Amino acid sequence: MNIKVLYDNDNGVSFKDYLRKLGVVNPDEYLKLNTIEDDLNYDNIELAVETLYQYKTREITILADTDGDGYTSASMLYSFLTELGYKCNYILHDKNPKSHGLDDSQVLNILKSKEPSLLIVPDAGTSDENPCKKLRELGWEIIILDHHKPLNENNYAIIVNNQMSEMVVNKSASGCLVTWHFMHLIDADVSNKFISYVAISIISDSMSFLTNENITFIYHGLKNMHPNIKRLIDSVQGDYKPVSFSFGGFNPKCNSTIRLGTIEDKKSLFELMCGLNDNVDEVSKIIKHYHSQQNVDANNLIENNITILNENSNVLLCKLDCKTPLTGLVANKLMGKTGKSVLIVHDREDGNSEGSARSPINLREILNNSGLFNYNSGHDHSFGTSYKTEDEAKLLEYFDNYDFPSPCYTVFSDTWNVKDIDQFGDLSMLWGNDLIDPLYYQKLVINTQNIDVIGESQTTIRFKNNDNVTFIKFYCTHEWIDNLKSHDKVVIEVIGRGKWNEWRGNKYPQFIIDRMEYREPTFEDLFLN
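An account of the accompanying structure is given in this report. (Residues numbered from 1 in each chain as written. Predicted model: local features only at pLDDT ≥ 70, side-chain atom pairs only at ≥ 80, totals over all residues. Heavy atoms only, no water.)

### A look at the sheet that holds strand β6 (residues 158-161)
A sheet is described by the order of its strands in space; here five strands give the open sequence β3-β2-β4-β5-β6, paired in parallel fashion. Two strands close off the open sheet at either side, each with one partner strand: β3 (88-92) and β6. Neighbouring strand axes in the sheet, compared pairwise and without regard to direction, differ in orientation by 20 degrees on average. Strand direction decides the pairing type here: strand β4 (residues 118-122) and strand β5 (residues 141-146), joined by five bridges, are parallel. Paired with Leu118 across the strands is Glu141, a residue of β5. Its contacts with the sheet place helix α5 (residues 105-112) against β2 (60-64), β3 and β4, and it is angled at close to 155 degrees to β3. With respect to the sheet, helix α14 (residues 263-274) is in contact with β2 and β3, its orientation differing from that of β3 by roughly 135 degrees. (Pairing = 2+ DSSP bridges. Helix = DSSP H or I, 4+ residues; strand = E, 2+ residues; numbered from the N terminus. Axes fitted to C-alpha atoms, helices over the stretch in contact; angles between N-to-C directions. Contact = heavy atoms within 4.5 Å.)

Here's what the structure looks like:
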């Protein structure tokens, strides 16, 4: 296991010291939790606002992109504009739930059937030059409020984008945060009601918690939940901690509905987020249903519909024999299972293969530099991908021969004991994405007969170290557990965090494992414990 240790000795380390190690330049300023960038740092934002004002008496169309950031951005903007008296309608992706922005023939056909007016595309559209050109020729004006890096020029829309604005400091803003700045320039007081949408989008889109502006929205947004979404969130998770939104909470449940839902169910979710309906119980059942279905469908795809073309490579190229909106989820599951970068694609009729990539390393830039892809678009570790199917042999050769860097996991220290639990007190309302509560590395030799398999689904393992501290790992596959238990004795390397487990009035220390690798011990390993 390749690790980067922040502290050889963690005694006396302050939270500010930790922030500096993570890359926060000025922890004092960061912890004021009051950084909001100047709206005018964004190129074209004044032009976008002036354009909007011209449509005060005409209907405005808002296109919601196909993920949590897209739905929070679009529903927030819809609610804001209608509160100010604008007449709005919305479009949701339906038949092509993996498409983004204007790269969707169904969306274009809907727009072509409408009276040309103003189209606003939050969280997408920056590189959609050809669709924007076609719509402009029909008489549409287009405002794009986005945070994705451009792949090409697009002179047919007014683009407000943090990546394209030299004066913007926060390059980790979500699409919803870019949209909020547009709103804030229009009406600061009304826009401030919607900061919870921005907080949720930052979590959903895995944006950095280490920028001053993002952590400001996280901290204040989660404390001031907008009534449009508060009751729905309360129905699917127990608190407003960032980790609760990520793991089994509001964000993955919404994303599963956006991927798999019928257009009627998507509308129910989106309209509730806009404040257009109050069907909380119904929508709660809908998003829980699709989240459950998504996990079943993803596991079935892995078992029955995927062929791994290069099992011995550090970057796995996997072919699907069907089209599915779950390629990203399946890629993420396979990455977790194998510890490797994963591309999952299906062949299209136009001679291209496309799908999703997930990686523990910064893979997107490497693949873009290979010259073998049509595009790798999105974030550095999570992106859409496409290549010419006829180039697949070249691609496999490239994966076999390229010296990809090994994943490197940053840990607070490579020593741990019970006193390290809650070292900085309760900061659970701040922990998330890359501002994580301290992780520790441990290396142990364990007799596998002392490893218990527990839980109703038998996917949790538990064992104790020599200090009688319980180590526990959730969400293991049966195959992985069977392989682990087939050895008599193993060297286990783990990364995780200490927690208190309260049971019947007593507190017990536990080490919750985030990542675990094991191997047969060497002679030297026998002296570890």
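### Things to note about the packing of aromatic side chains
Across all of its chains, the model carries 25 aromatic pairs by this definition. Relative to Tyr90, the ring of Tyr78 lies with its centre 6.2 Å away and its plane at 75 degrees, an arrangement referred to as edge-to-face. Placement of Tyr78 in helix α4 (residues 68-83) and of Tyr90 in strand β3 is noted, with a sequence separation of twelve residues between them. A ring pair is formed by Tyr402 and Phe404, whose centres lie 4.7 Å apart and whose planes are at 55 degrees; its orientation type is tilted. Here Phe404 falls in the buried class, since its relative accessible area comes to 7%. Taken together, the aromatic side chains of Tyr7, Phe15, Tyr18, Phe412, Phe424, Trp431 and Tyr440 make up a single cluster linked through ring pairs. The ring of Tyr7 is capped by Lys21, whose NZ or CZ atom sits 5.2 Å from the centre of that ring. (Phe/Tyr/Trp six-rings, centres within 6.5 Å; stacked < 30°, edge-to-face > 60°. Buried < 20%, exposed > 50% of the residue type's maximum accessible area, 1.4 Å probe, protein only. Lys NZ or Arg CZ within 6 Å of the ring centre and 35° of its normal.)

### Some remarks on helix α18 (residues 392-401)
Along α18, the positions that sit buried rather than exposed are Glu392, Leu395, Leu396, Tyr398 and Phe399. Buried residues of α18, viewed axially, fall in a sector of 160 degrees; they line one side. Seen from the open side of α18, the exposed residues pointing more than 90 degrees away from its buried face are Ala393, Lys394, Asp400 and Asn401. Structurally, α18 contributes buried residues whose contacts are with β8 (315-320), β9 (341-347), β10 (352-358), α17 (363-368) and β12 (382-388). (Arc of directions from axis to C-beta.)

### Quick notes on the side chain of Glu213
Checked against the element boundaries, Glu213 lands in helix α10 (residues 212-221). Lacking a salt bridge, the buried Glu213 has Lys171 as its closest oppositely charged neighbour, with an N-O distance of 10 Å. In contact with Glu213, other than residues within four places in its own chain, are Thr35, Ile36, Glu37, Asn170, Leu177 and His181. (Lys, Arg positive; Asp, Glu negative; His and termini not counted. Salt bridge = Lys/Arg side-chain N within 4 Å of Asp/Glu carboxyl O.)

### Focus on unusual backbone geometry
The phi dihedral of Ser206 is positive, around 55 degrees, even though this residue is not glycine. Take Ser206: it is sitting in the loop between α9 (195-204) and α10. Phi at Gln458 is positive, roughly 55 degrees, even though this residue is not glycine. Locating Gln458 in the fold gives a position in the loop between β15 (452-454) and β16 (460-464).

### Observations concerning the sheet that holds β10
Taken in spatial order, the six strands make up an open sheet running β7-β8-β9-β10-β12-β11, and their pairing is mixed. The open sheet has two free edges, formed respectively by β7 (306-308) and β11 (375-378), since each of these has just one partner strand. On average, each strand axis in the sheet is tilted by 25 degrees relative to the strand beside it, whichever way the strands run. Strands in contact with α18 are β8, β9, β10 and β12; relative to β8, the strand with the most contacts, it is inclined by about 150 degrees.

### Observations regarding the pairing of β8
Most of β8 sits inside the fold, with six of its six residues counted as buried. In terms of strand pairing, β7 meets β8 through three bridges, oriented antiparallel. By the bridge assignment for β8, Ile306 is matched with Leu320. One ladder, built from six bridges, connects β8 with β9; its direction is parallel.

### Describing the pattern of salt bridges
Tallying each qualifying case throughout the model produces 17 salt bridges. The residue Lys419 makes a salt bridge to Asp420 at a minimum N-O spacing of 3.3 Å. The exposure class assigned to Lys419 is exposed, which follows from its relative accessible area of 52%. Relative accessible area serves as the criterion here: at 6%, Asp420 is assigned to the buried category. Among the salt bridges present, the one from Asp452 reaches Arg462, with a minimum N-O distance of 3.8 Å. With a gap of ten residues between them, Asp452 in strand β15 and Arg462 in strand β16 connect regions that are remote in the sequence. On the accessibility criterion, Arg462 (33% relative accessible area) is partly exposed. One network of salt bridges, with partners in common, ties together Asp437, Arg497, Lys499 and Asp514.

### Some points on the pairing of strand β18 (residues 489-503)
Sheet topology note: the strand β14 (residues 440-447)/β18 ladder contains eight bridges and is antiparallel. From the neighbouring strand, Leu444 faces β18, where its bridge partner is Ile492. In terms of strand pairing, β18 meets strand β19 (residues 506-519) through 13 bridges, oriented antiparallel. Looking at the pairing, Glu493 lines up with Glu517 of β19. Between β18 and β19, which pair antiparallel one after the other, the connecting turn spans two residues, and Arg504 there sits at a positive phi close to 55 degrees.

### Digging into the packing of helix α11 (residues 227-236) against helix α15 (residues 280-304)
Between two packed helices, the angle of one axis relative to the other and the distance separating the axes together describe the packing. Remark: α11 packs on α15, axes separated minimally by 10 Å, with the N-to-C direction vectors making an angle of 50 degrees. As judged from the angle between their axes, α11 and α15 are oblique. Classified by chirality, the crossing of α15 by α11 is right-handed. Of the residues in α15, those in contact with Arg231, Leu232, Ser235 and Val236 of α11 are Val280, Val283, Ser284, Ile287 and Lys288. For the contact of α11 with α15, the per-class residue count stands at five nonpolar, two polar and two charged. (Parallel < 35°, antiparallel > 145°, perpendicular 65-115°, else oblique. Left-handed = near helix turned anticlockwise from the far one by under 90°. Nonpolar A, V, L, I, M, F, W, Y, C, P; charged D, E, K, R; others polar.)

### Focus on the packing of α14 against α15
Close contact between α14 and α15 brings their axes to 10 Å; oriented N to C, the two are set at 125 degrees. Between α14 and α15, the angle falls in the class oblique. In this structure, α14 meets α15 at a crossing whose hand is left-handed. The residues of α15 that touch α14, namely those facing Asp265, Ser268, Leu269 and Leu272, are Val280, Glu282, Val283, Ile286, Ile287 and Tyr290. The residue makeup of the contact of α14 with α15, split by class, is seven nonpolar, one polar and two charged.

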